Amino acid sequence: MSGNITFTMIKPDAVEANNIGPILSMINKAGFRILAMKYMRLTKEQAGDFYAVHRERPFFGELVEYMSSGPIVAAILSKDNAVADYRQLIGATDPTKADEGTIRRLFAKSIAANAVHGSDSNENAQIESNFFFSHLERF
Ligand code: IDP
Ligand code: MG
């Protein structure tokens with residue numbers, strides 16, 4: 001199954017703006033199935049651990065504050081070519097550069113508050129899925 005899953009979060013800005021439903025609808029319409037899902041709020045420590053790869057970046061502190069500022073939805077998605085197809089569906093990190101019709105173009109507030117996360121490789125899809133879900137929570 002590796003290669004057919006990706007991990008996503010609906011970030012605090014999109015949850016606050018009441019866009020969980022429209023975003024999940026776009027995900028389903030694009031052919032992704034939801035294998036696991038939870039609604040939760042990250043602690044600063046969890047947000048820092050999840051984004052540890054960005055620890056040296058100038059925006060790391062802002063990112064951790066933001067990602068722990070309110071609830072998120074975490075989910076594992078499955079589809080052929082899930083990682084690449086999902087990155088295409090969400091669009092560029094900076095919503096002003098994201099293609100028309102992408103989730104970030106439609107829903108993101110800014111480059112930091114950009115509505116959704118999507119894994120960038122099959123390896124990270126596995127690592128990120130395991131970070132949020134034990135095998136007992138997955139179907
Ligand atoms: P990605 O989410 O498109 O993979 P990354 O470069 O991995 O983008 O960055 C992780 C997250 O860090 C972004 O989704 C965004 O929330 C935040 N971020 C990235 N670049 C900036 C920036 O220049 N300023 C503030 N936040 C940023
Ligand atoms: Mg990334």
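What you are looking at is a predicted structure, and each value in this text was computed from that prediction instead of being measured. (Residues numbered from 1 in each chain as written. Chains lettered and ligands numbered in written order. Predicted model: local features only at pLDDT ≥ 70, side-chain atom pairs only at ≥ 80, totals over all residues. Heavy atoms only, no water.)

A. The arrangement of the overall build of the protein in detail. Of the regular secondary structure elements, the protein holds seven helices and four strands. In the protein, the succession of α and β elements from N to C terminus is β-α-α-β-α-α-β-α-α-β-α. A compact globule built from 139 residues should have a C-alpha radius of gyration of about 14 Å, and the protein, at 14 Å, falls within 12% of that. C-alpha extents for the protein along the principal axes are approximately 35 × 35 × 25 Å. The buried share among the 139 residues of the protein stands at 48%. (Helix = DSSP H or I, 4+ residues; strand = E, 2+ residues; numbered from the N terminus. Rg over C-alpha atoms; globule rule 2.2 N^0.38 Å. Buried < 20%, exposed > 50% of the residue type's maximum accessible area, 1.4 Å probe, protein only.)

B. The pairing of strand 1 (residues 5–10), seen in detail. In terms of burial, strand 1 is largely enclosed, as six of its six residues are buried. Of the pairings in the sheet, the one linking strand 1 to strand 3 (residues 72–78) comprises six bridges and is antiparallel in character. Residue pairing in the sheet places Phe7 in a bridge with Ile76 of strand 3. Bridging between strand 1 and strand 4 (residues 116–118) involves three bridges; their strand directions are antiparallel. (Pairing = 2+ DSSP bridges.)

C. Layout of the site of ligand 1. The environment of ligand 1 is made up of 13 residues, and the closest members are Lys11, Arg87, Thr93, Ala112 and Asn114. One of the side-chain nitrogen or oxygen atoms of Lys11 is found 2.9 Å away from an oxygen atom of ligand 1. Interatomic distance of 2.5 Å between a side-chain N/O atom of Thr93 and an oxygen atom of ligand 1. Protein contacts shield 82% of the accessible area of ligand 1, which totals 530 Å² for the unbound molecule. Residues that form the shell around ligand 1 fall into these classes: five nonpolar, three polar and five charged. (Near = heavy atom within 4 Å. Polar contact = N/O pair within 3.5 Å; in protein donor to acceptor, adjacent residues only side chain to side chain. Areas by Shrake-Rupley, 256 points an atom, 1.4 Å probe, with all protein chains shown as cover. Nonpolar A, V, L, I, M, F, W, Y, C, P; charged D, E, K, R; others polar.)

D. Here's a closer look at the pairing of strand 3. When you tally the buried positions in strand 3, you get seven out of seven residues, the bulk of the element. Judged by which residues are buried, strand 3 turns out to be covered on both faces: Ile72, Ala74, Ile76 and Ser78 on one side and Val73, Ala75 and Leu77 on the other are all buried. Alignment of strand 2 (residues 33–40) against strand 3, held across seven bridges, turns out to be antiparallel. Looking at strand 3, one finds that Ile34 is bridged to Leu77.

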